[in-house]
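One-letter residues, chain by chain:
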Amino acid sequence: MNFLAHLYLGPRDPQRLLGSVLGDFVKGPISSMQLPAGVREGIWLHRQIDAFTDAHPQVALSKARVSPLRRRYAGIMVDMFYDHLLATHWQRFESQPLPAFTGRAYANLLANEHLMPDRARLVISRMAAHDWLGSYANVGSLHQALDNMARRITRHNTLPGAASELEADYQAFEADFLAFMPQVRAFALAQAARLETEGAALLSASSASPRA
């Protein structure tokens, strides 16, 4: 899952919210991280959601829809496609309007920027300044985001133009997403409940990120 999905699926208190995003920037055992417990809990939940997503047959079906030309980037593409679809179908899943949700998320994240690694601080500052989360609803912005990602990959790659694959098979990706989202939401809520009762034990037993 990408930024918007992790923020939606994660707890809303500021430190756990930050952890929901930092899961993409920090590696290694959570127990050794010099971060407040709330942030580490958000990172733990991020990793559980990633592991659930990576193993889910509906997500595998979406990845299989990506053309052989770009198949090695299918994970990145589907993460971004699903954030677009979440933004598009936001009111189906969340009563709070998307601009209100993203505005509050940006404010809470930036209030804790002193806890961010340098790379995360740079990315999250840009995310807030340019409203990446809200822009995901626009396919044109998705084209730009994936093309920008392609330019950051140092080696030659086939990622440019990747958003065209969503447009070419939009209804199929949309159906995959709509079938998957209630399941990952239920999973995230169950894992958040585990944190309330087993938090310290879960963090001490956590290993490196499943996507590391």
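In case you missed it, the structure is sitting above this.
Residues numbered from 1 in each chain as written. Predicted model: local features only at pLDDT ≥ 70, side-chain atom pairs only at ≥ 80, totals over all residues. Heavy atoms only, no water.

Colleague: Break down the layout of surface pockets for me, with residues and values.
Modeller: Computed from the structure, the largest pocket encloses a volume of approximately 1,000 Å³. Asn2, Phe3, Arg119, Met149 and Arg152 are the residues nearest the centre of the largest pocket, which is lined by 30 residues in total. For the lining of the largest pocket, the secondary-structure elements that each account for two or more residues are α3 (37–54), α5 (74–88), α8 (118–129), α9 (132–135) and α10 (139–152). Counting residues per element, the lining of the largest pocket draws most heavily on α10, which supplies 6 residues. A breakdown of the residues in the lining of the largest pocket according to their chemical character gives 12 nonpolar, 10 polar and 8 charged. (1 Å grid on protein atoms, 1.4 Å probe; cavity = no way out; pocket = protein on both sides within 12 Å on 5 of 7 lines; lining within 4 Å. Points joined across faces, edges and corners; volume = space filled by probe spheres on them. Helix = DSSP H or I, 4+ residues; strand = E, 2+ residues; numbered from the N terminus. Nonpolar A, V, L, I, M, F, W, Y, C, P; charged D, E, K, R; others polar.)

Colleague: Could you give me a rundown of the packing of aromatic side chains, with the residues and numbers involved?
Modeller: Per the stated rule, a full pass over the model turns up 9 aromatic pairs. Ring centres of Phe52 and Phe187 lie 4.4 Å apart, and the angle between their planes is 15°; this geometry places the pair in the stacked category. Highlighted residues: Phe52 in helix α3 and Phe187 in helix α12 (residues 170–205), separated in sequence by 135 residues. Look at Phe52 and you get partly exposed, because its relative accessible area is 22%. Judged by centre distance (5.9 Å) and plane angle (85°), the rings of Phe93 and Phe177 are edge-to-face. Of this pair, Phe93 sits in helix α6 (residues 90–93) while Phe177 sits in helix α12, and the two are 84 residues apart along the sequence. What links up through ring pairs into an aromatic cluster is the set Phe52, Tyr82, Phe93, Phe177, Phe180 and Phe187. The ring of Tyr8 carries the charged tip of Arg185 above its face, separated from the ring centre by 5.0 Å. (Phe/Tyr/Trp six-rings, centres within 6.5 Å; stacked < 30°, edge-to-face > 60°. Buried < 20%, exposed > 50% of the residue type's maximum accessible area, 1.4 Å probe, protein only. Lys NZ or Arg CZ within 6 Å of the ring centre and 35° of its normal.)

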